[in-house]
Number of protein chains: 4
Amino acid sequence: MRSLRQRLHDTIFQHDEPAERAFDVVVIVAIMLSVLVVMLDSVAAISARYGRALYAAEWFFTILFTVEYLLRLWTAKRPLAYARSFYGIVDLLSVLPTWLSIVFPPGRFLVVLRALRVLRVFRILKLAEYVEQGAVLSAALRASRYKITVFVTTVITVTIIVGSLMYLIEGPASGFTSIPQSVYWAIVTLTTVGYGDVAPASPLGKALAATLMIMGYGIIAVPTGIVTLELDRASRAQAPRRECPGCGVTRHDADATFCKHCGTEL
Amino acid sequence: MRSLRQRLHDTIFQHDEPAERAFDVVVIVAIMLSVLVVMLDSVAAISARYGRALYAAEWFFTILFTVEYLLRLWTAKRPLAYARSFYGIVDLLSVLPTWLSIVFPPGRFLVVLRALRVLRVFRILKLAEYVEQGAVLSAALRASRYKITVFVTTVITVTIIVGSLMYLIEGPASGFTSIPQSVYWAIVTLTTVGYGDVAPASPLGKALAATLMIMGYGIIAVPTGIVTLELDRASRAQAPRRECPGCGVTRHDADATFCKHCGTEL
Amino acid sequence: MRSLRQRLHDTIFQHDEPAERAFDVVVIVAIMLSVLVVMLDSVAAISARYGRALYAAEWFFTILFTVEYLLRLWTAKRPLAYARSFYGIVDLLSVLPTWLSIVFPPGRFLVVLRALRVLRVFRILKLAEYVEQGAVLSAALRASRYKITVFVTTVITVTIIVGSLMYLIEGPASGFTSIPQSVYWAIVTLTTVGYGDVAPASPLGKALAATLMIMGYGIIAVPTGIVTLELDRASRAQAPRRECPGCGVTRHDADATFCKHCGTEL
Amino acid sequence: MRSLRQRLHDTIFQHDEPAERAFDVVVIVAIMLSVLVVMLDSVAAISARYGRALYAAEWFFTILFTVEYLLRLWTAKRPLAYARSFYGIVDLLSVLPTWLSIVFPPGRFLVVLRALRVLRVFRILKLAEYVEQGAVLSAALRASRYKITVFVTTVITVTIIVGSLMYLIEGPASGFTSIPQSVYWAIVTLTTVGYGDVAPASPLGKALAATLMIMGYGIIAVPTGIVTLELDRASRAQAPRRECPGCGVTRHDADATFCKHCGTEL
């Protein structure tokens with residue numbers, strides 16, 4: 001029995017042997033198909049014609065993923081650690097909505113949360129390059145978290161104040177029906193999304209909006225600058241840092257054999 | 001008596017002892033709640049049902065902050081310096097609108113200016129990391145002020161000229177009712193906000209708009225470039241802070257082995 | 001006969017002699033004119049008045065380009081290699097739609113694919129600078145392909161999940177008629193395009209949209225950061241090209257005094 | 001007489017003496033006022049009430065600037081060189097429209113071209129910092145001209161092809177009335193302006209639009225990357241480059257007295 005559990009564990013959690021990889025590919029394809037099924041089922045015209053087939057397919061995938069989740073729980077070396085991990089929670093969330101839909105039908109569209117499982121594809125397919133690049137990206141975003149918190153707090157403060165001023169200037173006639181609504185408009189404008197469902201109508205309101213746009217463009221340039229620098233730092237940190245024994249210079253290319261400044265062998 | 005004033009001063013202006021920090025947290029929470037009260041009060045449906053309670057809450061917070069302001073004024077070592085400081089003015093502005101609303105009611109929504117007090121949270125909570133990052137961001141923005149002035153002047157000139165041309169080409173029929181209105185459109189377009197409340201209708205107008213967008217994208221890339229470089233410079237200037245044992249200079253590059261001023265080995 | 005084929009080959013594929021360059025210029029101008037003809041023909045008012053002339057012009061250009069394609073095929077040293085190359089396929093696609101329009105008339109507008117032939121202008125005009133810069137750009141984009149794949153997968157996952165949540169929150173009343181439609185809205189919002197044809201109406205929907213915009217701005221800053229860094233790397237790799245007299249290695253830093261591979265002084 | 005011309009030349013073209021600077025300030029203020037007059041005159045409500053006063057003011061400024069232009073022409077050391085220079089042409093264009101409006105009235109709004117004269121303020125006010133920063137910005141833009149040409153050509157080709165495909169997919173019903181109109185939509189979308197006056201309605205059209213947005217975001221990141229790098233290069237080029245006599249390292253800070261690597265005095 002232990003041997004079966006061990007073998008199942010390898011098939012599910014390892015990604016080296018052909019059989020293990022085949023299992024991974026089947027899971028990924030099943031996830032993509034099941035997300036597609038849910039998306040199509042939400043389209044009224046398609047649901048009307050193929051509703052029954054899609055409903056059956058959804059239950060098929062849900063039972064499949066439920067069995068897979070139970071197997072993962074059973075074969076994991078530390079089941080509790082798996083159940084609490086990011087992917088453990090995602091695996092659970094990807095089957096729960098369908099089961100809960102027996103009680104609360106509209107909630108079943110939440111199964112699209114299983115799309116998060118697709119992110120595992122990078123690890124499963126053992127694409128070293130992808131994993132590495134993903135690590136650079138996430139390291140960059142993690143390193144920027146303080147700057148980003150300061151930035152987001154500033155943006156929210158600015159949008160609350162500008163939104164309130166616009167509420168006083170424009171009023172309900174041009175769509176600024178309340179301060180929360182005006183703050184929503186300020187966020188839509190500052191991020192340059194600009195739906196146009198709420199837009200200033202008075203000359204003073206337009207002047208304030210134009211100021212927000214021009215000044216705001218500088219503000220909104222900040223995250224781009226932060227991410228660029230952190231990406232730079234993260235990719236530099238991955239490259240080895242070798243000190244020249246001759247002159248102490250450290251910025252050498254990855255393929256350097258001799259110091260570019262004094263010619264000493266590295 | 002002097003002892004009480006001294007103790008109050010520490011509670012209000014210091015942030016080290018548990019009691020001092022507790023005071024800070026209470027103030028921050030009170031500010032957030034009071035901003036929320038004002039925002040909710042501006043929503044017609046909520047105001048109709050809970051208007052009296054919100055009105056009472058607003059006066060409660062205003063009296064609280066007024067007392068706090070007077071205490072700050074009384075216990076500050078140099079009251080005038082405090083009253084003139086950025087936070088001194090913000091503290092005053094965060095209570096004035098409610099008092100003035102006795103005379104001019106609609107102005108009371110200006111109390112959202114007290115949202116600016118939330119920025120103090122970074123200093124109060126002694127989050128060294130946050131303060132440092134905020135310093136990097138503001139240093140970067142300050143260093144860019146000349147480039148940004150040149151840039152803003154250029155953008156305004158371009159938008160005035162393109163706006164006037166569009167006014168001649170399109171005319172009032174498609175929303176370009178005056179040159180200021182057309183300049184507003186040009187700013188909305190150049191910053192890629194694009195509400196769509198004013199949009200060109202004639203082929204020539206569309207061609208000019210398309211040119212403005214493509215050429216403009218290069219122009220609008222400038223603030224991003226400026227902020228990225230200044231962020232880079234600001235974080236470099238702050239980063240390693242190794243003090244030279246010979247002369248005390250602190251701004252050394254990360255890869256420096258000798259002091260750049262006196263030649264002492266670091 | 002062989003001499004004629006050889007001479008034609010040089011005229012068509014070489015760009016050095018005056019006659020060869022004259023041929024190139026004629027081809028480019030013909031391509032631009034033919035694209036213009038197709039674009040004008042699609043405008044109802046122009047088509048109604050000048051339809052016959054434009055139709056004739058289109059066939060004139062198509063026959064011209066067909067003859068050119070056959071000549072290229074005949075004179076190419078390895079005809080199959082040419083037919084399979086990017087420009088070989090583009091040359092074929094730029095004449096096929098008109099011929100097929102005899103059977104399927106509306107498809108003839110696909111001849112605008114011949115606009116791709118204009119990209120050849122950089123190579124034809126022998127503008128070394130342009131070719132070099134194009135190489136820097138495409139090298140930068142190629143080097144970023146892993147990061148970009150990770151990024152695009154993340155963006156699609158985020159838009160599917162946020163889109164589904166909005167579908168549950170907003171529903172058909174405010175335009176979120178299905179999950180695919182809501183995902184489309186999420187992409188329009190995340191890329192800051194913001195048409196406004198679909199926009200949230202409920203407070204909860206607006207709050208989620210505002211969160212998507214602010215958080216999304218950080219996500220969307222990633223491609224800019226990636227492209228900036230890869231452009232930097234690509235232009236560094238190309239820039240100084242000093243060849244080492246000892247070992248012939250060419251990729252040296254601008255500030256290198258010794259070869260990083262063999263230690264020879266540069 | 002020559003002395004008067006010489007003195008006038010200094011007053012107009014020099015910016016050092018108090019009298020010369022006073023003249024500059026008067027000119028700048030007059031330009032700003034005259035642009036304001038034209039902008040206000042285009043607002044129907046204002047024009048109806050103050051039309052006569054604004055009309056008088058416009059002629060007052062035009063005659064003033066005409067006299068100034070003639071004086072510049074008379075006192076310039078090389079009148080023809082001045083007349084052909086950028087500012088010479090701008091000075092002429094800033095008075096011509098009003099004179100021509102005697103014949104063609106609506107053209108007088110073109111006098112806003114005189115807004116370009118405001119750009120001279122940087123030189124006039126002798127703000128060394130501003131001029132320097134402007135030089136960095138324009139050097140950066142000039143250095144990027146090849147990359148930008150390649151980029152713009154690519155963008156135009158992409159928008160023509162995507163625009164034509166959308167014309168075939170969507171058709172006139174959803175606003176894609178012709179290929180030029182569809183190309184205009186593609187530019188509006190690719191630059192993330194997104195007016196929403198034209199937007200895809202069919203599922204296939206929305207899928208293509210979403211692809212254009214996501215892929216396009218990478219394309220549109222290119223100008224930001226280019227400008228950032230060129231700004232970096234331009235500002236580096238301005239800083240002096242000192243080589244260490246001891247080890248040959250060149251990347252020293254502007255305030256370094258000793259080499260950071262070997263301690264040799266610079």
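Thresholds, definitions, all that
- Residues numbered from 1 in each chain as written.
- Chains lettered and ligands numbered in written order.
- Predicted model: local features only at pLDDT ≥ 70, side-chain atom pairs only at ≥ 80, totals over all residues.
- Heavy atoms only, no water.
- Helix = DSSP H or I, 4+ residues; strand = E, 2+ residues; numbered from the N terminus.
- Buried < 20%, exposed > 50% of the residue type's maximum accessible area, 1.4 Å probe, protein only.
- Contact = heavy atoms within 4.5 Å.
- Areas by Shrake-Rupley, 256 points an atom, 1.4 Å probe, with all protein chains shown as cover.
- Domains from an automatic or database assignment.
- Salt bridge = Lys/Arg side-chain N within 4 Å of Asp/Glu carboxyl O.
- Patch = residues over 30% accessible without salt bridge, like charges linked within 9 Å, V, L, I, M, F, W, Y side chains within 5 Å.
- 1 Å grid on protein atoms, 1.4 Å probe; cavity = no way out; pocket = protein on both sides within 12 Å on 5 of 7 lines; lining within 4 Å.
- Points joined across faces, edges and corners; volume = space filled by probe spheres on them.
- Nonpolar A, V, L, I, M, F, W, Y, C, P; charged D, E, K, R; others polar.
- Core = buried A, V, L, I, M, F, W, Y, C linked by side-chain atoms within 4.5 Å.
- pLDDT = per-residue confidence, 0-100.

(A) Representation of the overall build of chain A in the model. When helices and strands are tallied, chain A shows 11 helices and 0 strands. Listing each helix as α and each strand as β along chain A from the N terminus yields α-α-α-α-α-α-α-α-α-α-α. Taken over 266 residues, chain A has a buried fraction of 50%. Considering only contacts in chain A between residues 6 or more positions apart, those separated by 24 or more positions represent 53%. Here chain A has roughly 12400 Å² of accessible surface; of this, 68% comes from carbon and sulfur atoms.

(B) Structural view of the domain arrangement of chain A. When cut into domains, chain A gives domain 1 (4-130) and domain 2 (143-238). Measuring from the centre of the C-alpha atoms in domain 1 of chain A to the corresponding centre in domain 2 of chain A gives 38 Å.

(C) The pattern of salt bridges, seen in detail. Inspection of every chain in the model, using the stated rule, returns 8 salt bridges over all chains. A salt bridge links Glu68(B) to Arg72(B), with the shortest nitrogen-to-oxygen separation between them at 2.8 Å. In this pair, Glu68(B) and Arg72(B) both sit in helix 3 (residues 44-75), 4 residues apart, roughly one turn of the helix. This pair shows no difference in class: Glu68(B) is buried, exactly as Arg72(B) is. Measuring nitrogen to oxygen at the nearest pair gives 3.8 Å for the salt bridge that ties Arg72(D) to Asp91(D). Of this pair, Arg72(D) sits in helix 3 (residues 44-75) while Asp91(D) sits in helix 5 (residues 86-93), placing them 19 residues apart in sequence.

(D) How the structure looks around a nonpolar patch on the surface. Judged by side-chain polarity, Ile63(A), Val67(A), Trp99(A), Ile102(A), Val103(A) and Phe104(A) come together as a nonpolar surface patch covering roughly 640 Å² of accessible area. For Val103(A), a relative accessible area of 72% gives the class exposed.

(E) Quick look at the environment of Ser34(B). Residue and element names in this part refer to chain B. Summarising the element assignment, Ser34 is placed in helix 2 (residues 18-41). Between the alpha carbons of Ser34 and Ile219 there is a distance of 41 Å; along the sequence they are 185 residues apart. Apart from the residues lying within four places of it in its own chain, the contact partners of Ser34 are Phe61, Phe65 and Arg114.

(F) Looking closely at empty space enclosed by the protein. In the structure shown here, the tally under the stated rule is 9 cavities of 30 Å³ or more. If you add up the space inside the largest cavity, you get close to 190 Å³. For the largest cavity, the lining is made up of 20 residues, of which Tyr217(A), Tyr217(B), Thr224(B), Tyr217(C) and Tyr217(D) are closest to its centre. Elements supplying a minimum of two residues to the lining of the largest cavity: helix 11 (203-238) of chain A, helix 11 (203-238) of chain B, helix 11 (203-238) of chain C together with helix 11 (203-238) of chain D. A breakdown of the residues in the lining of the largest cavity according to their chemical character gives 12 nonpolar, 8 polar and no charged.

(G) Representation of unusual backbone geometry within the structure. Residues and elements named next belong to chain A. In the Ramachandran plot, Thr192 falls in the positive-phi region, its phi being about 60 degrees despite a non-glycine side chain. Its location among the elements puts Thr192 in the loop between helix 10 (179-190) and helix 11. On the basis of relative accessibility, which here comes to 5%, the residue Thr192 falls in the buried class.

(H) Spotlight on the nonpolar core. If you look at the biggest cluster of nonpolar residues, it comprises 209 residues, and the most contacted ones within it are Trp185(A), Trp185(B), Trp185(C) and Trp185(D). Those residues within four positions of Trp185(A) in sequence are excluded, and the remaining contacts are Val162(A), Met166(A), Phe176(A), Val198(A), Ala199(A), Pro200(A), Ala209(A), Leu212(A) and Tyr195(B).

(I) Inspection of the confidence of the model for chain A at higher detail. All names here are of chain A. Averaged over every residue, the pLDDT of chain A is 80; residues scoring 70 or more account for 82%. Here helix 7 (residues 121-124) stands out as the element of chain A with the lowest mean pLDDT, 62, in contrast to helix 10, whose mean of 93 is the highest. Our summary of model confidence lists the complex with pTM equal to 0.84 and ipTM equal to 0.81.

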